[in-house]
Amino acid sequence: MTDHTTTLASLYERELRPIATELEQHRRSVRQRAMVVGLGLFGGTALLLLLSLIIVPTSFFFFVAFGLIALAVVAWNALMNGAFQNYRRSFKDNVITRLVKLVDDSLQYAPGQGISREEFRTSQLYTHGIDRYKCEDLFYGLVGATDIRFSEIHAEYKQTSTDSKGNTTTTYHTIFKGVFFIGDFHKDFLGQTIVMPSGGSGLLADFGRTLQNFGTTLIGQGDRIVQLEDPEFMELFSVRSTDQVEARYILSTSLMRRLIEFRTRLNTPIAVSFINSNIYIAIPTTKDHFEPPGLWSGNAQLSMQQFEAYLEDIRLAAAIVEDLNLNTRIWSKQ
Amino acid sequence: MGGSLIFILLIVIVLAGAVTFLVLYNSLIGKRNQVDQAFASIDVMLKKRYDLIPNLIATVQTYMGHERALLTELTELRTRAMAGDITPEQRVATENQISGAIGRLMVSVENYPDLKSSQNFLQLQASLNETEEQISASRRAYNAAVTDYNNAVQMVPTNIIAGMIGMQPRTLFVAAEAERRNVDVQSMFQR
């Protein structure tokens, strides 16, 4: 860790500080433009409103006022959108792209791309039908011997309800929002093993598991609950698999320990699945990662600490490979 | 009126009893079958290891003139384990000895740099690690199945049925002393 900090410190002096200064200038100029355009538009609207106050009858005034203000907001957004996007892109191209190379030289960054909906579904971690799917900030490449990819994902489903008057309202509910990781697992396997955050431990949870197992037996569905030896692991996760032996081949005693530590360090309920010789990890987060400082904040010149925070987010990939020991290639798979 | 009600009640109780018995009985048999299946899967993995041993010996012996005794021992152990006429306990002991012998062989390979870096050996080593990992996984699966089965055999209410059909608790697979010593890294460095 100290190693990374020193590299970052020297890089900050040499390269990052000028980038930060330039970015801050860019941000300020965009903000200034946004303010000027805003003042012009809203000033004009205010004038029009005054005029209409004289011409239009009072009963109509509120409609006109509302329409004009809405129009002004839309126009302001349309006029400024290009500049906003430009600012975001320049941040991603200059800051994130540079920091990626610090994590691993072979790691690539594609801001506009992400893990596809199909790949997300393949993980079998979330079975709910997806109605709206967004992804961005794809990182991909090799970390050591391990091929990895991860990106931000937001998957939602739609719920339409009709009230007594016949009005339909559509609301979107989140299935998953956060960082989604796919890595090449270091062992070959054929079945599917899914590690979900546990519903808890204790008598009631045990009873629930028994019921669930009984249910899957009745339906004849392929996967069954896997009862593993590590009590701490079973407290944090519940495991289902199509193959009892293979599940234990994948979840070796050491990998269980590593997953416990990783889960504890992140302090968030992660879900992991092992399918097609890949490992899929879903890490729910509320934060929007890899985004520039807000346009309206006072002074947002990126400090060394902020660079470090961004770097830490990108380093997640390397951290997973290290923490879960994915670079160990002592088995048949090379 | 009262008589027929009691009659219906009796039928319901008998039916419920029969259904409960059937469900419990089936779950017991299911658990026992899982134990047998898990045991068979250990066997499959152990046989994979038998297939690897001749390859290992063929690859290693040209380099390792000084380790003849160890190689002969390994060959003999393999023959003994593959002969069908030994008891399960003897079989377990022999398999443990094979694990020990392979472990020692892998340690002595450290003294032969040419061998250690040969492509053939590296491949074999990977396959061996693979089967060892698979064996350990199937043992753990077996132990989980046995625990599940033993719980059913010893706990109320399934223990009553288990007693009726003469089901006995099974023993868990415990790693032998020799095997535990294998993973003792310190003793590896002292060699």
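Per chain, residues are indexed from 1 in the order of the written sequence. Chains and ligands are labelled by the order in which they are written, letters from A for the one and numbers from 1 for the other. In keeping with the predicted nature of the model, local features appear solely for residues at pLDDT of at least 70, side-chain atom pairs appear and are counted solely at 80 or more, and the whole-chain, interface and lining totals rest on all residues.

Caption draft 1: Expanded view of the overall build of chain A. Strands here mean DSSP runs of E at least two residues long; helices mean DSSP runs of H or I at least four residues long; both are numbered from the N terminus. Check the secondary structure of chain A and you find nine helices and nine strands. For chain A, whose C-alpha radius of gyration is 26 Å, the value lies well above the compact-globule estimate of 20 Å for 334 residues. Overall size of chain A, expressed as C-alpha extent along the three principal axes, is 80 × 65 × 30 Å. Among the 334 residues that make up chain A, the fraction classed as buried is 26%. Excluding contacts between residues fewer than 6 apart, the proportion of contacts in chain A whose partners are at least 24 apart in sequence is 71%. The globule rule used for comparison is 2.2 Å times the number of residues to the exponent 0.38, while the radius of gyration itself is calculated over C-alpha atoms. Backbone-placed C-beta atoms define the burial measure: a residue is buried with 20 or more other C-beta atoms within 10 Å of its own, exposed with 12 or fewer, and partly exposed in between. Here, residues touch in the contact sense if the C-beta positions derived from the backbone fall within 7 Å of one another.

Caption draft 2: Focus on the overall build of chain B. Looking only at helices and strands, one finds eight helices and zero strands in chain B. Starting at the N terminus and walking to the C terminus, you meet the elements of chain B as α-α-α-α-α-α-α-α. The C-alpha atoms of chain B give 25 Å as radius of gyration, which overshoots the globular expectation for 191 residues (16 Å, by more than 25%). By principal-axis analysis of the C-alpha atoms, chain B measures approximately 95 × 35 × 30 Å. Here chain B, with 191 residues, has 20% of them falling under the buried criterion.

Caption draft 3: How the structure looks around the sheet that holds strand β3 (residues 146-162) of chain A. Residue and element names in this part refer to chain A. Taken in spatial order, the nine strands of this open sheet run β1-β2-β3-β4-β9-β8-β5-β7-β6, and their pairing is antiparallel. Taken across any chain shown, the strands that pair with only one partner, and hence form the sheet edges, are β1 (108-110) and β6 (224-226). Neighbour to neighbour, the strand axes of the sheet diverge by 20° on average, direction disregarded. Two strands qualify as a pair provided DSSP detects at least 2 bridges between them. In this structure, strand β8 (residues 271-275) lies alongside strand β9 (residues 278-284), joined through five bridges in antiparallel fashion. Counted as the bridge partner of F274 is I279 from β9. Note on definitions: angles span 0 to 180 degrees between N-to-C directions of axes, and those axes are lines fitted to C-alpha atoms, for helices only across the stretch in contact.

Caption draft 4: Examining helix α2 (residues 58-103) of chain A more closely. In a helix, the anticipated span is given by 1.5 Å times the number of residues less one. Taking 1.5 Å of rise per residue, 46 residues should cover 68 Å, and α2(A) covers 64 Å from first to last C-alpha, within 8% of that figure. The angle between axes fitted to the seven-residue stretch ending at a residue and the seven-residue stretch beginning at it gives the bend at that residue. Bending of α2(A) peaks at approximately 45° at the position of M80(A).

Caption draft 5: Spatial organisation of the packing of helix α1 (residues 2-61) of chain B against helix α2 (residues 68-82) of chain B. Residues and elements named next belong to chain B. For the pair α1 and α2, interaxial distance at closest approach is 11 Å and the crossing angle is 165°. By the angle between their directions, the pair α1 and α2 is classed as roughly antiparallel. For the element pair α1 and α2, the recorded crossing hand is left-handed. Touching Y50, I53, I57, V60 and Q61 of α1 are L71, L74, T75, R78 and M82, all from α2. Asp, Glu, Lys and Arg are counted as charged, while Ala, Val, Leu, Ile, Met, Phe, Trp, Tyr, Cys and Pro are counted as nonpolar; the rest, among them Gly, fall into the polar class. Class assignment for the residues of the contact of α1 with α2 results in seven nonpolar, two polar and one charged. Put simply, angles under 35 degrees are roughly parallel, angles over 145 are roughly antiparallel, angles from 65 to 115 are roughly perpendicular, and the rest are oblique. Here a crossing is taken to be left-handed if its near helix is turned anticlockwise relative to the far helix by less than a right angle, and right-handed if that turn runs clockwise.

Caption draft 6: Highlighting the packing of α2(B) against helix α3 (residues 88-109) of chain B. Residue and element names in this part refer to chain B. The contact between α2 and α3 brings their axes to 9 Å, and the two run at 155°. Here α2 lies roughly antiparallel to α3, going by the angle between them. The handedness of the crossing between α2 and α3 comes out as left-handed. Every residue of α3 that contacts α2 at L70, E73, L74, L77, R78, R80 and A81 is listed here: R91, T94, E95, Q97, I98, A101, R104 and L105. Looking at side-chain class alone, the contact of α2 with α3 contains seven nonpolar, two polar and six charged residues.

Caption draft 7: The arrangement of the pairing of strand β7 (residues 237-241) of chain A in detail. With respect to burial, β7(A) is a largely interior element, five of its five residues being buried. Both faces of β7(A) are covered, namely the face carrying F237(A), V239(A) and S241(A) and the face carrying S238(A) and R240(A).

Caption draft 8: Fine view of the nonpolar core. Membership of the largest hydrophobic core comes to 76 residues, with the highest contact counts inside it found for F150(A), I281(A), A282(A), I314(A) and A317(A). Taken domain by domain, this core gets at least three of its residues from each of domain 1 (1-105) and domain 2 (193-276) of chain A. With residues up to four places along the chain from it excluded, the contact list for A282(A) reads L125(A), F176(A), G178(A), F180(A), I270(A) and A271(A). To count as a nonpolar core, a set of buried Ala, Val, Leu, Ile, Met, Phe, Trp, Tyr and Cys residues must be joined through C-beta atoms within 7 Å. Ranked by size, the runner-up nonpolar core spans 11 residues in total, among them L56(B), A81(B), I98(B) and L128(B). Domain start and end points were adopted from an automatic or database domain assignment.

Caption draft 9: The arrangement of unusual backbone geometry in detail. The peptide bond linking V156(B) to P157(B) adopts the cis configuration, its omega dihedral lying at 5°. The topology assignment puts P157(B) in the loop between α5 (119-154) and α6 (158-164). One non-glycine residue with positive phi stands out, namely N276(A), at about 50°. Looking at the secondary structure, you find N276(A) in the loop between β8 and β9. Despite not being glycine, N325(A) has its phi angle at roughly 65°, a positive value.

Caption draft 10: Expanded view of the environment of I165(B). Within the fold, I165(B) resides in the loop between α6 and α7 (177-182). It is 9.3 Å that separates the C-alpha atoms of I165(B) and Y25(B), two residues lying 140 residues apart in sequence.

Read these as spatial facts, not as claims about activity.
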